[in-house]
Amino acid sequence: MEFPSLKSWFKEDVNYPFIIAGPCSAESEDQILSTASYLRSTGKVNLFRSGVWKPRTRPGAFSGIGVKALKWLQKVQSVYNLRVTVEVASPKHVEACLKHGVDVLWLGARTVSNPFSVEELSEALKGVDIPVLIKNPLSPDIDLWQGAIERIYKAGVKRIAAVHRGFSPFERTLYRNMPKWEIPIELRQRIRNLPIICDPSHISGRADLVTEISQKALDLTMSGLMIEVHPHPSEALSDSAQQLNFDQFTSLMETLIIRKPTIDDKGFLNQLEELRNQIDSIDFQLIELVASRMNISGKMGEYKFKNNVAVLQMERWLEILRTRIEHGTLLNLEPAFIERVMTLIHQESIRIQSAILDNFKTTGDHWSEEQ
Ligand code: PEP
Ligand code: MN
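Residues numbered from 1 in each chain as written. Chains lettered and ligands numbered in written order. Predicted model: local features only at pLDDT ≥ 70, side-chain atom pairs only at ≥ 80, totals over all residues. Heavy atoms only, no water.

S.K.: How should the overall build of the chain be read in this particular structure?
M.R.: Within the chain, the secondary structure is distributed over 13 helices and 8 strands. For the chain, with 371 residues in total, the buried portion stands at 50%. Within the chain, residue pairs in contact and separated by at least 24 positions form 74% of the contacts whose partners lie at least 6 positions apart. In the form shown here, the chain has an accessible surface area of approximately 18,400 Å², with 54% of it arising from carbon and sulfur atoms. For the chain, the separation between the mean place of its 44 positive charges and that of its 46 negative charges on side chains is 3 Å. (Helix = DSSP H or I, 4+ residues; strand = E, 2+ residues; numbered from the N terminus. Buried < 20%, exposed > 50% of the residue type's maximum accessible area, 1.4 Å probe, protein only. Contact = heavy atoms within 4.5 Å. Areas by Shrake-Rupley, 256 points an atom, 1.4 Å probe, with all protein chains shown as cover. Lys, Arg positive; Asp, Glu negative; His and termini not counted. Charge placed at Lys NZ, Arg CZ, Asp CG, Glu CD.)

S.K.: Teacher, can you tell me more about helix H12 (residues 314–330) here?
M.R.: One full turn of an α-helix is made of 3.6 residues, so residues set three or four places apart face in the same direction. Along its 17 residues, H12 runs 25 Å from first to last C-alpha, staying within 8% of the 24 Å computed at 1.5 Å per residue. Those residues of H12 hidden inside the fold are in contact with helix H11 (271–306) and helix H13 (335–363). Among the residues trailing H12, asparagine 332 stands out with phi positive, at a value near 65°. (Expected span 1.5 Å × (residues − 1).)

S.K.: Where do I start with the coordination of the manganese ion (ligand 2) in this structure?
M.R.: Any two of four tetrahedral donors ideally make an angle of 109.5 degrees at the metal, while pairs among six octahedral donors ideally make 90 or 180 degrees. Summarising the metal site, the manganese ion (ligand 2) is bound by the protein donors Cys24 (SG), His202 (NE2), Glu228 (OE) and Asp239 (OD), whose distances to it range over 2.1 to 2.4 Å. Donor residues for the manganese ion (ligand 2), ordered by position in the chain, follow C-x177-H-x25-E-x10-D. Of this pair, histidine 202 sits in helix H8 (residues 200–204) while glutamate 228 sits in strand S8 (residues 224–228), placing them 26 residues apart in sequence. Both residues of the pair, histidine 202 and glutamate 228, count as buried. (Donors = N, O, S within 2.8 Å, 3.2 Å for Na, K, Ca; no water.)

S.K.: What should I look at first to understand helix H10 (residues 246–255) in this one?
M.R.: Three or more residues of H10 are buried, namely Phe246, Phe249, Leu252 and Met253. The buried side chains of H10 occupy one side of the element, clustering within an arc of 120° when seen end-on. Facing away from the buried side of H10, by more than 90 degrees, are the exposed residues Asp247 and Glu254. Sitting at the amino-terminal end of H10 is asparagine 245, which places a side-chain oxygen 3.2 Å from the backbone nitrogen of aspartate 247. (Arc of directions from axis to C-beta. Polar contact = N/O pair within 3.5 Å; in protein donor to acceptor, adjacent residues only side chain to side chain.)

S.K.: Looking at this structure, how should I read the pairing of S8?
M.R.: Two faces belong to every sheet, and in a regular strand the side chains alternate between them. Of all 5 residues that make up S8, 5 are buried, and the element is covered over most of its length. Burial of the side chains of S8 extends over both faces: Gly224, Met226 and Glu228 are buried on one face and Leu225 and Ile227 on the other. By the bridge criterion, 5 bridges tie strand S1 (residues 18–22) to S8 in an arrangement that is parallel. Among the inter-strand pairings, phenylalanine 18 is bridged to a residue of S8, identified as glycine 224. In terms of strand pairing, strand S7 (residues 196–198) meets S8 through 2 bridges, oriented parallel. Looking at S8, one finds that cysteine 198 is bridged to leucine 225. (Pairing = 2+ DSSP bridges.)

S.K.: How do you make sense of the environment of proline 91 when you look at a structure like this?
M.R.: When you line up the elements, proline 91 lands in helix H3 (residues 91–99). Along the primary structure proline 91 and methionine 300 are separated by 209 residues, whereas in three dimensions their C-alpha atoms are 52 Å apart. Apart from the residues within four sequence positions on either side, proline 91 is in contact with Glu120, Leu121 and Ala124.

On their own, these measurements won't tell you what the molecule is for.
In structure tokens form, the structure reads like this:
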């Protein structure tokens, strides 16, 4: 598969990094036009984004304005001279967007998670020459992401970029979605000339973390950023915590350190750097996992205190060791290595539980149902 670089997507030159910005959802004509007016004035934005049909996890949430909002986006194009992009999840959406002259389509994480939907969209896109952004699926399944890219490519669409928006966790993590940077890096190794854009708004879920994730993406030489911007984020009808207000967007643009001066999609990091970045990402996830484990150890300490159970349960520990070594062996890890790692983790867990017990004892604090 050969993908043209973002630089050649449109007739005019585009900035590096390729910035896509706009509200999560179109809510009113005024909200769309004031955001477009501001974004235009920054001179930094290549593409104006806005959700028109919103896929909501739970029923009852704001599900988008629909076709009426496409007319507001036409004003964004004509009044502010900005290209626009909209999420499509069905052939009907594609048809409406094409009818209203939307410049770029995007496939959302939920849609990419479903090969039936992607197949239908690829049918609807046959013979249509429009750029398409393809977000990663909700789960960290790189084959599913790659499969969606292949399906859309097969329809004849060549101007494709992947959008990394993180992966849904069950556990509560610092970010709304786990970045798992090793996955977009691996995707880039599999498809060398595919442009990849990062969506720090959906990764972070929090406006105050958007800058650090954006910088990380640029340091990994991703080609661009998709940022949610809203005139009054606290009043937004969707994703209110993560949208930037105008001042925050301005300061983000001023803060970012751009290490690659050209939008050269082939100018990736060398193989060693890419592998190091994958290791870094996995190490941080290891630490987060260890932290979640220690958190549970703390709860066990309280429980054991309440029930007057000794901290160290020898049989349980031997069982842990045996099953972890067995599991490690299946993954080609040395038994002695797993034993060392588990012993360290277990020692720390015992230390935490004992500290909790001591604390209860010395403060005379008695654990009760109310606490
Ligand atoms: C969005 O961009 O507003 C959106 C719904 O994104 P995602 O598909 O990444 O959740
Ligand atoms: Mn959103």
